[in-house]
Amino acid sequence: MIALVERHPWRAAVVTVAVAILLFLIFAIWPAWLVGLIGRKKVFLNALFNGITLGGLYFLVASGFTLIFGLMRNVNLAHGSLYLLGGYIGYGVAEWTGYWLFAFPVAFIVVGAIGILMQVVVFRKMEGEELRQTLVTIGLSIVLADLLLWGFGGDFFNIAAPSWLSGPMETFFVTGVKRSTGDLIFLKYPLVRIVIFAASVVVGVAMWLMLNRTRVGMLIRAGVDDRDMLSATGARIQLVFAGVFALGAGLAGIAGVVGGTFQSIAPGEDIRFLLASLVVVIVGGMGSITGAALGALIIGIAEQFGSVYFPTYAVVLTFLIMVLVLAFRPRGLLGQA
Amino acid sequence: MASIADTAAAPSWYARIPLAWWITGLVLLFMPAFAGEFVLYQIFGWTFILGMIALSLMFLAGYGGMVSLAQMSIAGFAGYMVAIFGDSAITDISQGWPWYVTIPLALVLAVLFATVTGWLAVRTEGIYTIMITLAIASAFFYFTRQNYTIFNGFSGFNGVLPPQLFGVDWRHPVAFYYLTLFWAAFWFLATLYVSRAPMGLALQGVRDNPRRMAALGYNVTAHRVAAYAVAALPAGIGGILLTWQSAQISPGTAGIGPAIDILVIAVIGGLRHPAGAFIGAFVYVILKTFALDILVVLGFDGERFNLLVGLGFLAVVFWSSDGILGLWSRWRTSWGRDRLRFPGRRTP
């Protein structure tokens, strides 16, 4: 840490100042001139929290995408369709059984099974032909999107969160001072979003641990680095491929349930989340889980702040970030050359 | 006798063109004599336009190895520029400049846009390029949808009409047919020419082995960016013609769906030869126009058009890496093979 600071004194100084400003903005009671400059603190904190939680959702979608890409060099453009499918399955299960939590394993297993099917039936036949695999995923996404439209219609579905998760939760972040009594006003935030964000952090940490601390993770990392060498050492690479595809697809399915609770699911959401995960992994770096987390956080926060502070071009802002990252780091922030 | 010897040594240029090309050309040239206005305007006009845009993708992907999903955005950009600088029903924004200013200006700006796109996209390779151009295409879509001062937001521009040049109404089916046919043929031949010109050959070299080309002293990045710039011209002209055909341009014209459609067209047709782009466009237009009837005949709901296209696309990609052209050449080699001399699946 100290060595890093000594090596880049200016960069360290800029980062320290930025962190200090951010901490001030989050914890301090805003003086009047600041409120006059950028609006009320409640709006700012809400945008920040919404951004972070949205980043959690983006991470869930993008981590599967980046995992599949990193190992198999397969850009799965049907990933958004898997997300949407997971959402619909989750809705069906939650409505049918009445248990919200039950929707997650079902979506994970069903969508993961479809992922295995895709890997075994389609992609194994065209191994090493990256472009053709990508084209096939485009075809699959067109077909899946139309089948889902056929099956579920064009309506919006919203998965209802259970009663113990609904309603706001009082946090310890101060938004202001009550003028009449002088009491502090604390931020209220929807509990379900906080729980979902915590869950995505747990998923991220679990994935990191699995990749870096277990035998399977070792196999996967070895496959990412040199696929041919790994299969030459006798590892059953096809099994690893199928497993990773199942995991990535299953994560997309879970993300669909989360997205259906967070927002809603409808035709067109597949493209939206496909694009979001594309941008996230381009910004964060292809094939890197940590990069996906960083990218998801950046894009989620940028999207929310954009929609609050300059609503017209909020969508364009995320692409602008992507272009900037590409211009200076073509492999993404944490991508390896 | 001397003439026979001469032709045997080097056949004249028209003798080297296969008979099928002559027939296709003549049929297309005399099409208005026997085809109705709907066929001329909707089917063939649209085929040529989509074919030109797919041709620009075919040029990049087939010769340059760069699959760009941004070609539809470049086409849409050129169409927007014509609407903005020329005439449209949105008189607040449209400048109303004459055609001989707006059309070159639109093309120049489209080339600039494509150059910037290419400059960003060539930093990446292979599948990364698809993703980055897809992201650029969607950025363009969202930007045009949100921007009201220049691009007139969600509704876009309507009433964008071609100029009344030489006293001809260029939106009349026959005139429009010949206009699109001319440009399609022009860009088809131009692409064939460029593919054998030094620049096209260097581009194919860059596709096959960038490191070796770099070692030979070619500037790999410059060739790739130049390919994007060149490919912007057929796409831009296609975009302008598309705008004139429907007399309007809106964000949906260059949305994510149409961008992927162009890729579908180019891949269905085949990325190896410029003809593939037009074959793919023809198949796509026929499907899009008649899918409703086909589906109803088969007993399905007419709305399942995308399912049909998606399954057809999957089938083509799954069985042939080179689209209809690839299937055709494979079928021809297997058909023309002497089974006694070359048994088995191997082609001689």
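(A) Spatial organisation of helix 14 (residues 314–328) of chain A. Counted at 1.5 Å a residue, the expected span for helix 14 of chain A with its 15 residues is 21 Å, and the 22 Å between its end C-alpha atoms agrees. Burial in helix 14 of chain A covers these residues: Ala314, Val316, Leu317, Thr318, Phe319, Ile321, Met322, Val325, Leu326 and Ala327 of chain A.

(B) Geometry of a nonpolar patch on the surface. All names here are of chain B. A cluster of nonpolar side chains, contributed by Tyr14, Ile17, Leu19, Trp21, Trp22, Ile23, Leu26, Val27, Leu29, Phe30, Phe34 and Tyr178, occupies part of the molecular surface with about 1,200 Å² of accessible area. It is helix 2 (residues 19–29) that contributes the most residues to the nonpolar patch, seven residues altogether. Inspection of the secondary structure puts phenylalanine 30 in the loop between helix 2 and helix 3 (31–34).

(C) Local environment of the interface of chain B and chain A. Between chain B and chain A, the contact holds 36 residues from the first and 40 residues from the second. For the pair chain B and chain A, the summed buried area comes to about 3,600 Å², and 81% of that belongs to carbon and sulfur atoms. Where chain B packs against chain A, one counts zero salt bridges. On the surface where chain B and chain A come into contact, there are zero residue pairs in polar contact (both at pLDDT 80 or more). Of all elements in the fold, only helix 6 (99–121), helix 7 (127–146), helix 12 (256–269) and helix 14 (305–319) of chain B reach the threshold of two or more residues within the side of chain B that touches chain A. Of the residues in the side of chain B that touches chain A, the class split is 26 nonpolar, seven polar and three charged.

(D) Examining the layout of surface pockets more closely. All names here are of chain B. By volume, the largest pocket amounts to about 1,600 Å³. As for the largest pocket, its lining consists of 35 residues, and the residues nearest its centre are Trp21, Thr24, Phe188, His273 and Ala275. Elements with a contribution of two residues or more to the lining of the largest pocket: helix 2, helix 4 (37–63), helix 8 (173–196), helix 13 (274–297) and helix 15 (323–335). Here the element with the most residues in the lining of the largest pocket is helix 8; it accounts for nine residues.

(E) Summary view of the pattern of salt bridges. What the rule picks out here adds up to two salt bridges over all chains. The shortest N-O distance in the salt bridge between arginine 272 of chain A and glutamate 269 of chain A comes to 3.3 Å. Taken together, the residues span about one helical turn, with arginine 272 of chain A and glutamate 269 of chain A both in helix 12 (residues 269–284) at a distance of three residues. The buried category is assigned to glutamate 269 of chain A, whose relative accessible area is 12%. Arginine 207 of chain B is paired through a salt bridge with aspartate 208 of chain B; the nearest N and O atoms lie 3.0 Å apart.

(F) Region of the structure containing the packing of aromatic side chains. Residue and element names in this part refer to chain B. Counted under the stated rule, the structure contains 28 aromatic pairs over all chains. Between the aromatic rings of phenylalanine 182 and tryptophan 183, the centroid separation amounts to 5.1 Å while the plane-to-plane angle is 70°, which identifies the pairing as edge-to-face. In this structure tryptophan 183 comes out as partly exposed when scored by relative accessible area, which is 25%. Grouped by ring-pair contacts, the aromatic residues Phe77, Tyr80, Phe113, Phe140, Phe143, Phe151 and Phe157 constitute a single cluster.

Conventions and cut-offs
- Position labels on residues start from 1 in each chain and follow its written sequence.
- By the order in which they are written, chains take letters starting at A while ligands take numbers starting at 1.
- Note on the predicted model: pLDDT of at least 70 is required for a residue's local features to be given, and 80 or more for side-chain atom pairs to be given and counted; whole-chain, interface and lining totals, by contrast, use all residues.
- Processing note: side-chain calculations cover all non-hydrogen atoms of the structure and skip hydrogens and water entirely.
- We count a stretch as a helix when DSSP gives it H or I for four or more residues in a row; a strand needs E for two or more, and each element gets its number in order from the N terminus.
- Multiplying 1.5 Å by the helix residue count minus one yields the expected span of that helix.
- Note on exposure labels: buried denotes an accessible area under 20% of the residue type's maximum, exposed denotes more than 50%, and partly exposed covers the range between, all computed with a 1.4 Å probe on protein chains only.
- Like charges are joined within 9 Å and nonpolar side chains (Val, Leu, Ile, Met, Phe, Trp, Tyr) within 5 Å, but only among residues with over 30% relative accessible area and no salt bridge; these make up the patches.
- Note that accessible areas follow from Shrake-Rupley with a 1.4 Å probe, and for residues the cover is restricted to the protein chains shown.
- We define a salt bridge as a contact between a side-chain nitrogen of Lys or Arg and a carboxyl oxygen of Asp or Glu at a distance within 4 Å.
- Contacts between residues were defined by any pair of non-hydrogen atoms, one from each residue, lying within 4.5 Å.
- By convention, the term buried area covers the 1.4 Å-probe accessible surface removed from two parts as they join, with the contributions of both added.
- Whenever two N or O atoms come within 3.5 Å, that pair is a polar contact, provided that in protein one can donate a hydrogen and the other can accept it, and provided that, for residues adjacent in sequence, both atoms are side-chain atoms.
- Residue classes follow a fixed rule: Ala, Val, Leu, Ile, Met, Phe, Trp, Tyr, Cys and Pro count as nonpolar, while Asp, Glu, Lys and Arg count as charged, and any other residue, Gly among them, counts as polar.
- Throughout, the protein atoms alone are placed on a 1 Å grid, and a set of points is a cavity if a 1.4 Å probe fits but cannot get out or a pocket if it is open with protein on both sides within 12 Å along at least five of seven lines; lining residues have an atom within 4 Å of a point.
- Grid points are joined across faces, edges and corners, and a volume is the space filled by probe spheres set on the points.
- What counts as a ring pair is set by centres within 6.5 Å for rings of Phe, Tyr and Trp (its six-membered ring), and what kind of pair is set by the plane angle: stacked under 30 degrees, edge-to-face over 60, tilted for all other angles.

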